[in-house]
Amino acid sequence: MRKYIKLLAFLCLPLAFTACDDDENLNGGEATVQFQAASLTISEVATSLDLPIVVTGEHDGLIKVRVEYKEAHGLKDDENVIITSRDLLIPAGTEQVEVETRLSVANDEMETGRILAFEIVDVQGATLGTNAICEVSLKEASPIEGSYALTGMDLRTSSVGSTLCTLTLSEAAANTLELNFGMGAIVSCPFAEGEKEGDYVIQIPGLSEIGQGLSLALFDAASMSLYPNDFTGHFDGETKVITLEPATTPDLGICFVDMSTMSLYYAWTAYTDQTTGETVPLQMIKQ
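Small disclaimer: the values here were computed from a predicted structure and weren't measured. Chains are numbered independently. Their residues run from 1 in the order of the written sequence. Two thresholds apply to this predicted model, a pLDDT of at least 70 for residue-level local features and 80 or more for giving and counting side-chain atom pairs, whereas whole-chain, interface and lining totals are computed over all residues. Excluding hydrogens and water, the side-chain values take into account all heavy atoms of the structure.

Caption draft 1: Representation of the sheet that holds strand S10 (residues 133-139) in the model. A pair of strands is treated as paired once DSSP finds two or more bridges between them. Helix numbering and strand numbering both begin at the N terminus, where a helix is a DSSP run of H or I of at least 4 residues and a strand a DSSP run of E of at least 2. Spatial strand order, S2-S10-S8-S4-S6: five strands in an open sheet with mixed pairing. One side of each edge strand has no neighbouring strand; the edge strands of this open sheet are strand S2 (39-43) and strand S6 (87-90). Across the sheet, the mean angle separating the axes of adjacent strands is 25° when strand polarity is ignored. Note that strand S4 (residues 63-70) and strand S8 (residues 115-124) share seven bridges and pair antiparallel. Each residue of the ladder has a partner; that of Lys64, found in S8, is Gln124. Only the contacting stretch of a helix is used when fitting its axis, a line to C-alpha atoms as for every element, and angles between N-to-C directions run 0 to 180 degrees.

Written out as structure tokens, the structure is:
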């Protein structure tokens, strides 16, 4: 089986910044620095956030800005909210930079009114504008939204393994979730409430493009065959686990495949537990 290795860049540095010497002159013009917006709204299941800071006025030298997160609602600095760089350097001629953050703020409770506050606490080489604080409101997510580990028998290693993905409500279509494996493309998945309160049923289209030239497909490891069938996911509101059908029998599962060359990259299947002898279906386990 051909293997595919993807490197993830977890530590993203602001590209607009350049290194500078300590003795480099600060901006001498009458410039103003502030957040582009005083408030905005994001989903609580968002895992990253880029907050634009803008410069207006005369900007012929270096501007230094320090940003802090104000803890609230039990969401801790450097734990739930991680700012990649608090001290930002804005070179001459650069009119916008972004405060890059990583977020882990979702919870299972329906809790309204949660706000993340970011503040520009120090500016050198410019004047602080009126938008010194940006308040980010957290939009409550459906219980089915969140980060998941697609878990099954990894055929590359012949052991149980997983890959991460996310499910978020679509802003463009009602009753639709967006499945994202972080590879550049989104799979639109219709969903509906299940028979029991808190349960949901999700439909994942077969042969869906997920990015990087790959598609998501139903896979039979015994016959090395692909099928165009859709998947049905059953979300259990108590366990927060999505069980995928028809991948509930050994050797059936999901694969990432290049349809142009029919090259198989990743594959996870249901499997038989060697201790209990029971079949373990392919599952998406909420993180």
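Here the narrative resumes, following the displayed structure.
Caption draft 2: Just the environment of Cys134, in detail. Considering the arrangement of structural elements, one finds Cys134 in strand S10. Each C-alpha atom of the pair Cys134 and Ala38 lies 4.5 Å from the other, and the pair is 96 residues apart in sequence. Excluding its chain neighbours within four sequence positions, the residues that come into contact with Cys134 are Phe35, Ala37, Ala38, Ser39, Leu40, Leu51, Leu116, Ala117 and Phe118. Whether two residues are in contact is decided by their heavy atoms, any of which lying within 4.5 Å being enough.

Caption draft 3: Summary view of the sheet that holds strand S7 (residues 96-103). Spatial ordering of the open sheet is given by S5-S7-S3-S1-S9, a layout of five strands whose pairing is mixed. Edge positions in the sheet fall to strand S5 (81-83) and strand S9 (127-128), since each has one partner strand and no second. Looking at chain direction, strand S1 (residues 31-35) and S9 are connected through two bridges and run parallel. Paired with Val33 across the bridge in S9 is Leu128.

Caption draft 4: Spotlight on the pattern of salt bridges. Within this document, salt bridges are pairs made up of a side-chain nitrogen of Lys or Arg and a carboxyl oxygen of Asp or Glu, the two lying within 4 Å of each other. All chains considered together, the criterion is met by 10 salt bridges. Among the salt bridges present, the one from Asp87 reaches Arg66, with a minimum N-O distance of 2.7 Å. One end of the pair, Asp87, is in strand S6; the other, Arg66, is in strand S4, with 21 residues separating them in the sequence. Per-residue accessibility, obtained with a 1.4 Å probe over protein chains only, is compared with the maximum for each type, and a residue is labelled buried under 20%, exposed over 50%, and partly exposed between these values. On the accessibility criterion, Asp87 (45% relative accessible area) is partly exposed. Put simply, Arg66, Glu68, Asp77, Asp78, Arg86 and Asp87 are held in one network by salt bridges that share partners.

Caption draft 5: Just the pairing of strand S14 (residues 186-193), in detail. As defined by bridge partners, strand S13 (residues 176-180) adjoins S14 across five bridges and the pair is classed as antiparallel. Residue pairing across strands places Thr176 opposite Pro190, the latter belonging to S14. Note: S14 against strand S15 (residues 200-204), three bridges, orientation antiparallel. In the strand pairing of S15, Phe191 is matched with Ile202. The hairpin turn running from S14 into S15, its antiparallel successor, is six residues long, and Gly198 in that turn takes a positive phi close to 95°.

On their own, these measurements won't tell you what the molecule is for.
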